[in-house]
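These are the residues of each chain, in order.
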Amino acid sequence: MLIRIGNIAEHVGESVKLGVWLYNKRSSGKIQFLQLRDGTGFIQGVLVKSQVAPEVWEHANQLTQESSLYVQGTVRRDERAPSGYELDVEDIEIIQIADEYPIALKKHGVDFLMDHRHLWIRSPRQRAILKIRAEIIRAVQDWLDGQGFTLVDPPILTPSACEGTTTLFSTKYFDEDAYLTQSGQLYMEAAAMALGRVYSFGPTFRAEKSKTRRHLIEFWMIEPEMAFTEHEESLRIQEELVSHVVQHVLKACQSELQAIDRDTAPLERVKPPFPRITYDEAVELLNREGMSFEWGEDFGAPHETKIAESFDKPVFITHYPAKVKAFYMKPDPDRPEVVLCADLIAPEGYGEIIGGSQRIDDPELLRQRFVEHRLPRDAYEWYLDLRRYGTVPHSGFGLGLERTVAWICGLDHVRETIPFPRMLNRLYP
Ligand code: 4AD
Ligand code: MG
């Protein structure tokens, strides 16, 4: 039976067989050091010429980078090894000698790496990021499941827009026009009226012409929606959720965080409560800091970064002007020109990771918004039904997975946060 490197600690002193790829190789003439990987980890295999059969030595000689093989060897504890273990190789069975591997163990340009994304993900750094991504997803779901949220899957093909009509991907749905979903929110509102507290986790699509380090065309969102829940309670849930995720990753992904050189000190501080400032206060802060900014505009990435610099935890910016936000957000009853919403801005310049709000529950006001936003009523008739048949105060939010991964991993660009990024001008591989 094959053993995996991730479980190697359970087999010290035993002779085991592994299925591996050769990541790198060094030789001193009498000893060969094979860096082996199997997806679950890395281990160094050591061959001493005088101690193995000549054909085993010869097999090792033939191995090129990314060749696939079965290796038999005895596991030895070694304090100096990065993984803590080494393998004294006894036998090698070659599966394939790989062609010359395009990704050499040196620096490559980003375009080259993106063209070879299908191979690039094998590198230790990319592997660590994808492991952390999976662990973030697990932590989000564990926490929400534990709080009594039910997972509900909204559709991907939709007849209408959720987040504005400018970034819609359209397609034909037989004779009708359809769009790839920008957000599952509207359907999650329906689900919350059926199940109380719900969340979705799925891909969303935005035909954004922005070529920034925070924008993807296809990205994944976690969208909780809660019946009988006002804005303030939603913020508490958001800060609890985000803190849980960060603290879980710090515990569960120590070796991966190390592999990508993440300074974990700023992450240790991510515990509730998070600071809150209103949009008005944020505008004041920007002007005080010398960035002239007018009330009524939306913040861009440089503004968010500047605001975040004043805080050492994620910060909520609340009460944006209604006119820069989506049609469904509930106005503040004391000040209807602003809405009961919040963006959660990550520290260290990672920008908005959550957008959320209390939703309009009044049918008349919602109808009015459809007119103001020139939205086709017939495509949303079902959504109006939710306010007709037992409307209740409800709130929800969307956590962008890739921006969260970029922040927690400390990455320059979201392209490394998802296995196969879809970006402006990038659909391959
Ligand atoms: O702020 P957004 O647009 O909010 C919504 O879509 C709401 N309907 C969510 C809800 O209330 N259920 O998007 C939510 C989050 C952003 O904070 C950001 O993290 C991420 O989704 N996001 C993107 N991530 C990568 N690339 C893009 N183009 C993104 N657009 C939004
Ligand atoms: Mg937003």
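As shown above, the structure is provided for reference.
Right, let's walk through the structure included here.

Thresholds applied
Residues numbered from 1 in each chain as written. Chains lettered and ligands numbered in written order. Predicted model: local features only at pLDDT ≥ 70, side-chain atom pairs only at ≥ 80, totals over all residues. Heavy atoms only, no water. Phe/Tyr/Trp six-rings, centres within 6.5 Å; stacked < 30°, edge-to-face > 60°. Buried < 20%, exposed > 50% of the residue type's maximum accessible area, 1.4 Å probe, protein only. Lys NZ or Arg CZ within 6 Å of the ring centre and 35° of its normal. Near = heavy atom within 4 Å. Polar contact = N/O pair within 3.5 Å; in protein donor to acceptor, adjacent residues only side chain to side chain. Areas by Shrake-Rupley, 256 points an atom, 1.4 Å probe, with all protein chains shown as cover. Helix = DSSP H or I, 4+ residues; strand = E, 2+ residues; numbered from the N terminus. Nonpolar A, V, L, I, M, F, W, Y, C, P; charged D, E, K, R; others polar. Pairing = 2+ DSSP bridges. Salt bridge = Lys/Arg side-chain N within 4 Å of Asp/Glu carboxyl O. Axes fitted to C-alpha atoms, helices over the stretch in contact; angles between N-to-C directions. Core = buried A, V, L, I, M, F, W, Y, C linked by side-chain atoms within 4.5 Å. Contact = heavy atoms within 4.5 Å.

1. Some points on the packing of aromatic side chains
Phase 1: Throughout the structure, instances matching the rule amount to 17 aromatic pairs.
Phase 2: Ring centres 4.9 Å apart and planes at 35 degrees place the aromatic pair Phe 293 and Phe 299 in the tilted group.
Phase 3: Exposure remark for Phe 299: the relative accessible area of 7% places this residue in the buried category.
Phase 4: Grouped by ring-pair contacts, the aromatic residues Tyr 187, Phe 327, Tyr 328, Phe 370, Tyr 380, Trp 382 and Tyr 383 constitute a single cluster.
Phase 5: The ring of Tyr 70 carries Lys 17 above its face, with NZ or CZ at 4.9 Å from the centroid.
Phase 6: Looking at Lys 325, its charged tip hangs above the ring of Tyr 320, at a distance of 4.2 Å from the centre.

2. Some remarks on the site of ligand 1
Phase 1: Ligand 1 sits among 23 residues. The nearest are Glu 163, Gln 185, Arg 206, Glu 223 and Glu 352.
Phase 2: Ser 183 has a polar side-chain atom sitting 2.9 Å from a nitrogen atom of ligand 1.
Phase 3: For ligand 1, whose unbound accessible area comes to 630 Å², protein coverage reaches 94%.
Phase 4: Of all the secondary structure elements, the ones that give two or more residues to the shell around ligand 1 are strand E11 (218-227), strand E17 (351-358) and strand E18 (394-400).
Phase 5: When the residues that make up the shell around ligand 1 are grouped by side-chain class, the tally is eight nonpolar, seven polar and eight charged.

3. Examining the sheet that holds strand E8 (residues 169-173)
Phase 1: The antiparallel open sheet is built from three strands, whose spatial order is E7-E9-E8. Two strands in the sheet have a free side with no partner beyond their single neighbour: strand E7 (157-158) and E8.
Phase 2: Across five bridges, E8 lies against strand E9 (residues 176-180) in antiparallel orientation. What sits directly across from Ser 170, in E9, is Tyr 179.

4. Structural notes on the pattern of salt bridges
Phase 1: The final tally for this structure, using the stated rule, is 32 salt bridges.
Phase 2: Arg 138 serves as the salt-bridge partner of Glu 135, at 2.8 Å between the closest nitrogen and oxygen. With a gap of three residues between them, Glu 135 and Arg 138 both fall in helix H4 (residues 124-146), about one helical turn apart.
Phase 3: A salt bridge links Glu 233 to Arg 197; the shortest N-O distance between them is 2.9 Å. Placement of Glu 233 in helix H6 (residues 231-252) and of Arg 197 in strand E10 (residues 197-205) is noted, with a sequence separation of 36 residues between them.
Phase 4: Overall, the relative accessible area of 29% leaves Glu 233 in the partly exposed class.

5. Considering the sheet that holds strand E1 (residues 15-27)
Phase 1: The sheet built from five strands closes into a barrel, its strands ordered E1-E2-E3-E5-E4 with mixed pairing. The sheet shows a mean angle of 55 degrees between the axes of neighbouring strands, taken without regard to direction.
Phase 2: Taken together, the six bridges between E1 and strand E2 (residues 31-37) define a ladder with antiparallel strand orientation. Residue Trp 21 lies in a different strand from E2, and its bridge partner there is Arg 37.

6. Section: the pairing of strand E3 (residues 42-48)
Phase 1: Burial within E3 is extensive, with five of its seven residues counted as buried.
Phase 2: Pairing of E2 with E3 involves seven bridges; the strand directions are antiparallel. Residue Gln 32 lies in a different strand from E3, and its bridge partner there is Leu 47.
Phase 3: Between E2 and E3, which pair antiparallel in sequence order, lie four residues; one of them, Gly 39, sits at a positive phi of approximately 95 degrees.
Phase 4: Note: E3 against strand E5 (residues 85-96), three bridges, orientation parallel. Residue pairing in the sheet places Val 46 in a bridge with Asp 88 of E5.

7. Brief notes about the nonpolar core
Phase 1: Counting 55 residues, the largest nonpolar core has Ile 132, Ile 136, Trp 407 and Ile 408 as its most contacted members.
Phase 2: Considering each element in turn, this core owes the most residues, nine residues, to H4.
Phase 3: Setting aside anything within four residues of it in sequence, one finds Ile 136 in contact with Val 245, Val 249, Leu 401, Thr 404, Val 405 and Ile 408.
Phase 4: Within the second largest apolar cluster, 35 residues are counted, among which are Phe 327, Cys 341, Ile 345 and Tyr 380.

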